[in-house]
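# Structural overview for review
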Amino acid sequence: MAGDASDRLTAWRLSNGDLAWSGDQFLNRKLSAPLVLGQSVVVGDFEGQVHFLNRDTGKTQLRLATDGSAIAAAPVAAGNTILVVTRNGGLFALRPQFSHGIAVGPRKIRINSSIGIVLIDPGYHSVEDVLRDADTALYAAKHAGRGTYRIFEAQMRSSADR
C-alpha cells in the first residue's frame, strides 16, 4: 500500500503484485503514512480525521474526528488500540473491536492490553513527570479491567499518593 504526492492511495496483492485497488477519495488531504492492521488500513489527514479503509477494497469503513489539527505521524498500533497524535499535541486512543480474535499461525488470539495516556501540556517540565503520570493512568486502566485505557487526570495523582 502506498500513497503518491497527491494522496492517491494504491494497494497491490502480495501474492502476485497485481493492482488490488486504487482510490483518489483523499486527494490533497495531506495523509499520514498508513497503518495496516488486520483487515483495515488506517490513515490520518490534515483536518485531524482518522480514516479506516477496507484493506482488500479500499472502501471507507469508518471516519473519526480528533481535535481538528493535522495528524502528526503515522498511526501506531499498541495491542488492539490505535494511537494517533495531532499537531496540537493531542493523543487519541482508538480501539477497533476484534470480536473473533486475530489469527497468528494456526491459532486465534485476543489481545487485551491496558494503556495509560498523558496529554502533554506546558506544565510538564521533565520526561520523568510524564512517565510517572502515564504509569498512574496505566494502573487506573488496569484497575478498570483488561483491554482498557485511561487518560491521566490530576486527581489520579492524589489518589495514587495515598
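The coordinates are above.
Notes on the structure in this doc start here. Just so it is clear, the structure is predicted and the values come from calculations on it, not from any experiment.

### A closer look at the pattern of salt bridges
Using the criterion set out here, one finds 6 salt bridges in the structure. One salt bridge connects Arg-132 with Asp-129, and the closest N-O pair in it is separated by 3.3 Å. Of the two residues, Arg-132 and Asp-129 are both situated in helix α1 (residues 127-144); the distance of 3 residues between them amounts to about one turn of the helix. Residue classification places Arg-132 among the partly exposed residues on the basis of a relative accessible area of 37%. Residue Asp-129 is classed as partly exposed on the basis of its relative accessible area, which comes to 23%. With its nearest N and O atoms 2.7 Å apart, the salt bridge here joins Asp-133 to Arg-157. Linking Asp-133 in helix α1 with Arg-157 in helix α2 (residues 154-161), this pair joins segments that are 24 residues apart in sequence. The class of Asp-133 is buried, set by a relative accessible area of 0%. Here Arg-157 falls in the partly exposed class, since its relative accessible area comes to 29%.

Rules behind the numbers
- Residues numbered from 1 in each chain as written.
- Predicted model: local features only at pLDDT ≥ 70, side-chain atom pairs only at ≥ 80, totals over all residues.
- Heavy atoms only, no water.
- Salt bridge = Lys/Arg side-chain N within 4 Å of Asp/Glu carboxyl O.
- Helix = DSSP H or I, 4+ residues; strand = E, 2+ residues; numbered from the N terminus.
- Buried < 20%, exposed > 50% of the residue type's maximum accessible area, 1.4 Å probe, protein only.

Shape descriptors only; they carry no functional weight alone.
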